[in-house]
Amino acid sequence: MVERYQVAKADEMGENEMRSVEAGGQEIALYHVCGRYYATEDICSHAYARLSEGWLDEDDCAVECPLHGSKFDLASGKARSLPATQPVRTYNVVVVDGAVFVEV
Ligand code: FES
């Protein structure tokens, strides 16, 4: 069953910002980029690194891992470049009355 957790207020996260949040016991990276919010698991699928400490690619709507530089598509979670080959999990994000929720 999917549950909804508030993880931020919309007005406290500017465009091209990301942060680590916790929801439903999961470590999640929340992104505000490309005109909307995205959420993925925070830990890279290649090794132990936090995607929320990497770099946002606002032209590609992707995040680049800070450890070895793999890029992940924020909409699908797919790895777009090596060395990661496995996707990261994505989560649905909804904004209601100025509050940002992640569905876990
Ligand atoms: S830990 Fe992310 S690419 Fe290696």
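Reference entry: report on the structure contained in this document. Because the structure is predicted, anything quoted here is derived from the model rather than measured.

Rules of the game
Residues numbered from 1 in each chain as written. Predicted model: local features only at pLDDT ≥ 70, side-chain atom pairs only at ≥ 80, totals over all residues. Heavy atoms only, no water. Disulfide = S-S within 2.5 Å. Helix = DSSP H or I, 4+ residues; strand = E, 2+ residues; numbered from the N terminus. Buried < 20%, exposed > 50% of the residue type's maximum accessible area, 1.4 Å probe, protein only. Contact = heavy atoms within 4.5 Å. Pairing = 2+ DSSP bridges. Axes fitted to C-alpha atoms, helices over the stretch in contact; angles between N-to-C directions.

## Some details on the state of the cysteines
Part 1 of the argument: Enumeration over the complete set of coordinates arrives at 1 disulfide.
Part 2 of the argument: Disulfide pairing is shown between Cys34 and Cys61; the S-S distance is 1.9 Å. Here the disulfide of Cys34 and Cys61 is left-handed, its torsion about the S-S bond being about -120°. Taken together, the residues span a long stretch of sequence, with Cys34 in the loop between β3 (26-33) and β4 (36-41) and Cys61 in the loop between β5 (55-57) and β6 (62-64) at a distance of 27 residues.
Part 3 of the argument: Look at Cys34 and you get partly exposed, because its relative accessible area is 28%.

## Remarks on the environment of Ser45
Part 1 of the argument: Along the chain, Ser45 turns up in the loop between β4 and β5.
Part 2 of the argument: Not counting the four nearest positions on each side in its chain, Ser45 is found in contact with Phe72, Ala84, Gln86, Pro87 and Val88.

## A short note on the sheet that holds strand β7 (residues 71-73)
Part 1 of the argument: Taken together, the 3 strands give an open sheet; going across it, the order is β5-β6-β7, and neighbouring strands pair in antiparallel fashion. Sheet topology places β5 and β7 at the edges, where each strand pairs with a single neighbour. Within the sheet, the average angular offset between the axes of one strand and its neighbour, ignoring direction, is 25°.
Part 2 of the argument: Where β5 and β6 come together, 3 bridges link them in antiparallel fashion. For Trp55, the partnering residue across the bridge sits in β6 and is Glu64.

## Here's the deal with the sheet that holds strand β2 (residues 17-23)
Part 1 of the argument: If you trace the 6 strands from one edge of the open sheet to the other, you get β1-β9-β8-β4-β3-β2, paired in antiparallel fashion. With one partner strand each, in any of the chains shown, β1 (4-9) and β2 form the two edges of the open sheet. Taken pair by pair, the neighbouring strands of this sheet meet at an average axis angle of 30°, ignoring direction.
Part 2 of the argument: Inspection of the sheet shows β2 paired to β3 by 7 bridges, in the antiparallel sense. Of the residues in β3, the one forming a bridge with Ser20 is Ala29.

Any link to function would need more than the numbers given here.
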